[in-house]
Each structure stands twice: as structure tokens, then as C-alpha cells.
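# What the coordinates show
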Amino acid sequence: KAGVTQTPRYLIKTRGQQVTLSCSPISGHRSVSWYQQTPGQGLQFLFEYFSETQRNKGNFPGRFSGRQFSNSRSEMNVSTLELGDSALYLCASSSDSFRNTIYFGEGSWLTVV
Amino acid sequence: QQQVKQSPQSLIVQKGGISIINCAYENTAFDYFPWYQQFPGKGPALLIAIRPDVSEKKEGRFTISFNKSAKQFSLHIMDSQPGDSATYFCAARGIQGAQKLVFGQGTRLTINP
């Protein structure tokens, strides 16, 4: 069974640009969440989706948005990039039966220059 | 109230020794406390988890001790091995069934051979 797949793995963007990151959850998982990981702030929750509906949201500005498709795949978008948005963005998924077991992908490394 | 405080930031243990990482929380609504292990370039992987109605949980060389009254929990790694060298994160969940986790700042563990 394939794990959580995130694309792209690495990307470099310029300040002011926008970026879209993609996540394919483990097959059969309908819950998907996103986290930002930085050396200074650690792992911080961005948002969570279940059946195409945002269920929870973290304390991030409106420049950070996400969505989930009917096949449970998810995307997150960051608009008007700032240098401080440079981070590892992690996607996670869990099944309905075992909601406590949250599996993370390997992340997308975003560098803003 | 949403914070989880983790210590120490870094830890060096000799092979065969016991590694101990501690976490403290404030929010009594937290209902699930997982520990994650992260290797460089990889996403966090669930190691072991505990609910607040249990004082201890053991899985192989890994044990969680939970003190509900003190609002503290800790990870013990027995017979630590060089392959255990990684960053460890404690976390807590405040919404039952959700993927929203509050993470500690992480502990970089090094096991010397």
C-alpha cells in the first residue's frame, strides 16, 4: 500500500509568487491535514479536510488555503509568498476506522527567495 | 493553553542506555498523546501513543509514562541503539477524532556507539 505522496518534493519560488502543493493520501483515507515545519516554530497545524470539507483550521493568514477533491486528494496554496514561508510542508492522512493513526508524507520543501 | 512543552532540546545517550524525553501540557481537554520519530529528509512517523486514562504503555523498547494530575508525559527508550538517532516529537490532540495535533518543539536524540 503506497504511503502519503506529496509533490513536488522541492521547489524554489520568488517573493510575491504563489505556490500550489499536492497531496495524495493513502488509498481509502478520507481525512487529510497539512502542517508547516520550520526550525523556529516547529510543526504547526494548517488545516484539515474530510470529504471535501474543511474541518479544522490553524492560526495562519488567509494567504494559506487548501482544498480537497472528491477522490480525497488535497492541494494547498500559498499566495503572495514571503521569505518566512520557507518551510517543509507536510501532508498527513488517516482512515475513518483508525483516526488516531495519522500518517505523514515526506513533505514538500519550499524555499522562498 | 494550546502549548506542549518538550525537553530537552537535544540529548546524547550511550548505546545501551535509556533515553528519556519529557513533555508537559496545560489543556486538560487533550485526549490523545502520540510520539513521532523523524529522520532527516523524512516525514514524522508515529512511534507510540497513549490516552489519558492509561498511566503507561509499552511497545518493544519504547514506553510512554503518563501523569494526568501533573499534566506530563514522557518517552523512555530502553537499550538505545544508534539507529534510534532521530528527532522525536511529542504531540497532543484537543479534538476527538480530528487530525489537529499540537506538537512539542522536538528533541534531537543522538546515540553514541
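In the block above lies the structure referred to throughout.
No experiment lies behind these values; they were computed from the predicted model shown.

## Details of the pairing of strand β4 (residues 31-38) of chain A
Residues and elements named next belong to chain A. Across the eight residues of β4, eight count as buried, placing the element largely inside the fold. Side-chain alternation along β4 places Ser31, Ser33, Tyr35 and Gln37 on one buried face and Val32, Trp34, Gln36 and Thr38 on a second face that is also buried. Where β4 meets strand β5 (residues 42-50), eight bridges bridge the pair, whose relative direction is antiparallel. Each residue of the ladder has a partner; that of Gln36, found in β5, is Gln44. Once β4 ends, the chain turns through three residues before running back antiparallel as β5.

## Some words on a nonpolar patch on the surface
Residues and elements named next belong to chain B. A surface patch of nonpolar side chains, amounting to about 230 Å² of accessible area, comprises Ile18, Ile20 and Met78. In this fold, Ile20 is placed in strand β3 (residues 19-25). Under the relative-accessibility criterion, Ile20 is labelled partly exposed at 35%.

## Notes on the sheet that holds β3(B)
All names here are of chain B. Across the sheet, five strands lie side by side as β1-β3-β8-β7-β6; this open sheet has antiparallel pairing. Of all strands in the sheet, those with a lone pairing partner are β1 (4-7) and β6 (56-59), marking the two edges. For this sheet the average axis-to-axis angle between neighbouring strands, irrespective of direction, equals 15°.

## A look at unusual backbone geometry
Negative phi values dominate among residues other than glycine, just as trans dominates among peptide bonds. Following Thr7(A), the chain continues to Pro8(A) via a peptide bond in cis, the omega torsion being -10°. Here Pro8(A) is to be found in the loop between β1 (5-7) and β2 (10-13). Following Ser7(B), the chain continues to Pro8(B) via a peptide bond in cis, the omega torsion being -5°. With a phi angle near 45°, Ser51(A) is a residue other than glycine that sits in the positive phi range. By the element assignment, Ser51(A) lies in the loop between β5 and β6 (53-57). Judged by relative accessible area, which is 35%, Ser51(A) ranks as partly exposed.

## Some remarks on the sheet that holds strand β7 (residues 64-68) of chain A
Residue and element names in this part refer to chain A. One open sheet holds the four strands; their spatial order is β1-β3-β8-β7, and the pairing between them is antiparallel. Edge positions in the sheet fall to β1 and β7, since each of these pairs with one other strand and no more. Geometrically, the sheet is characterised by an average inter-axis angle of 20° between neighbouring strands, direction not taken into account. As defined by bridge partners, β1 adjoins strand β3 (residues 19-24) across three bridges and the pair is classed as antiparallel.

Cut-offs used in this document
- Residues numbered from 1 in each chain as written.
- Chains lettered and ligands numbered in written order.
- Predicted model: local features only at pLDDT ≥ 70, side-chain atom pairs only at ≥ 80, totals over all residues.
- Heavy atoms only, no water.
- Buried < 20%, exposed > 50% of the residue type's maximum accessible area, 1.4 Å probe, protein only.
- Helix = DSSP H or I, 4+ residues; strand = E, 2+ residues; numbered from the N terminus.
- Pairing = 2+ DSSP bridges.
- Patch = residues over 30% accessible without salt bridge, like charges linked within 9 Å, V, L, I, M, F, W, Y side chains within 5 Å.
- Areas by Shrake-Rupley, 256 points an atom, 1.4 Å probe, with all protein chains shown as cover.
- Salt bridge = Lys/Arg side-chain N within 4 Å of Asp/Glu carboxyl O.
- Axes fitted to C-alpha atoms, helices over the stretch in contact; angles between N-to-C directions.

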